[in-house]
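Structural characterization, general
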Amino acid sequence: MDRDHCKIAAPYCRDVVSGRIPACQWVHLACQRQIDDLKRKDWPYRFDRVRASRVCRFIEYLPHVKGKWASREITLEPWQCFILTTVFGWVDRAGLRRFRSAYTEVPRKNAKTTICAGVGLYLLAADDEPGAEVYSAAPTRDQARISWEIAHTQAKRSPD
């Protein structure tokens, strides 16, 4: 399934800014920044739609490995597309990403760990970074291991 993840993220931003989708001030500001930055012309960054969507497509080829969704491919929600396309889509003239870190806080059962595992696999295997290293960090070793185990299972169930 090849979806246009940037086209999915754009209405999400507009709906947050207009108030149709309730969101905290930080999400509202992030959406407004994205809308404003897409209009900018003379500055060191450009939005690369191909790079923005590539990580989303990669994650959507991975399976869910836990719960009632186990064994199905992941389908990203608009808010997830917004986060991923924003973080991975902005690059400078040398092709280096504008954002080197991101903070996401959402309630339980929103696939945070599953998506983070997918991002980790993408950075490890599909980001064209020679010798890439990816770490999973959490307050305890057991918590960090959960993300690693999900990524490991996703990789084993996705031989391609």
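Described in the following lines is the structure provided in the data block. (Residues numbered from 1 in each chain as written. Predicted model: local features only at pLDDT ≥ 70, side-chain atom pairs only at ≥ 80, totals over all residues. Heavy atoms only, no water.)

Re the overall build of the chain
- Of the regular secondary structure elements, the chain holds six helices and two strands.
- Each helix (α) and strand (β) of the chain, taken in turn from the N terminus, gives the series α-α-β-α-α-β-α-α.
- The C-alpha atoms of the chain give a radius of gyration of 16 Å, which matches the 15 Å a tight globule of 160 residues would have.
- Counting only C-alpha atoms, the chain reaches 45 × 35 × 35 Å along its principal axes.
- Across the 160 residues that make up the chain, the buried fraction comes to 34%.
- The contacts in the chain between residues at least 6 apart in sequence include a share of 68% that link residues at least 24 apart.
- Side-chain charges in the chain split into 27 positive and 19 negative, and the spacing between the mean points of these groups amounts to 4 Å. (Helix = DSSP H or I, 4+ residues; strand = E, 2+ residues; numbered from the N terminus. Rg over C-alpha atoms; globule rule 2.2 N^0.38 Å. Buried < 20%, exposed > 50% of the residue type's maximum accessible area, 1.4 Å probe, protein only. Contact = heavy atoms within 4.5 Å. Lys, Arg positive; Asp, Glu negative; His and termini not counted. Charge placed at Lys NZ, Arg CZ, Asp CG, Glu CD.)

Here we look at the environment of Phe-82
- Tracing the backbone shows Phe-82 in helix H4 (residues 78-89).
- On the basis of relative accessible area, Phe-82 is assigned to the buried category, the value being 7%.
- Each C-alpha atom of the pair Phe-82 and Asp-92 lies 19 Å from the other, and the pair is 10 residues apart in sequence.
- Ignoring anything within four residues of it in the chain, the contact list for Phe-82 reads Ala-9, Tyr-12, Cys-13, Ala-30, Cys-31 and Gln-34.

So, helix H1 (residues 5-18)
- The end-to-end C-alpha separation of H1 is 20 Å, in line with the 20 Å expected for 14 residues at 1.5 Å each.
- Listing the buried residues of H1 in full gives His-5, Cys-6, Ile-8, Ala-9, Tyr-12, Cys-13 and Val-16. End-on view of H1: buried residues confined to an arc of 150°, all on one side of the axis.
- Of the surrounding elements, those touching the buried residues of H1 are helix H2 (25-39), strand S1 (45-47), helix H3 (49-60) and H4.
- Backbone nitrogen of Cys-6 and a side-chain oxygen of the N-cap are separated by 3.2 Å at the start of H1; the cap is Asp-4.
- Two residues or fewer past H1, Gly-19 is found with a positive phi of approximately 95°. (Expected span 1.5 Å × (residues − 1). Arc of directions from axis to C-beta. Polar contact = N/O pair within 3.5 Å; in protein donor to acceptor, adjacent residues only side chain to side chain.)

Some remarks on a positive patch on the surface
- A surface patch of like charges, here positive, comprises Lys-66, Arg-108, Lys-109 and Lys-112.
- Relative to the helices and strands, Lys-112 is located in helix H5 (residues 112-125).
- Residue classification places Lys-112 among the partly exposed residues on the basis of a relative accessible area of 32%. (Patch = residues over 30% accessible without salt bridge, like charges linked within 9 Å, V, L, I, M, F, W, Y side chains within 5 Å. Areas by Shrake-Rupley, 256 points an atom, 1.4 Å probe, with all protein chains shown as cover. Salt bridge = Lys/Arg side-chain N within 4 Å of Asp/Glu carboxyl O.)

Comments concerning the packing of aromatic side chains
- Tallied over the full model, the rule gives six aromatic pairs.
- A centroid spacing of 5.6 Å and a plane angle of 90° characterise the contact between Phe-88 and Tyr-122, whose relative ring orientation is edge-to-face. Of this pair, Phe-88 sits in helix H4 while Tyr-122 sits in helix H5; the two residues are 34 residues apart in sequence, bridging distant segments of the chain.
- With a relative accessible area of 5%, Phe-88 lands in the buried category.
- You can call Tyr-122 buried: its relative accessible area is 3%.
- Through successive ring pairs, a cluster of aromatic residues spans Trp-43, Tyr-45, Phe-47 and Trp-90.
- One cation-aromatic arrangement involves Arg-40 over Trp-43; the distance from NZ or CZ to the ring centre is 3.9 Å.
- A cation over a ring is seen here: Arg-98 above Tyr-45, with NZ or CZ 5.5 Å from the ring centre. (Phe/Tyr/Trp six-rings, centres within 6.5 Å; stacked < 30°, edge-to-face > 60°. Lys NZ or Arg CZ within 6 Å of the ring centre and 35° of its normal.)

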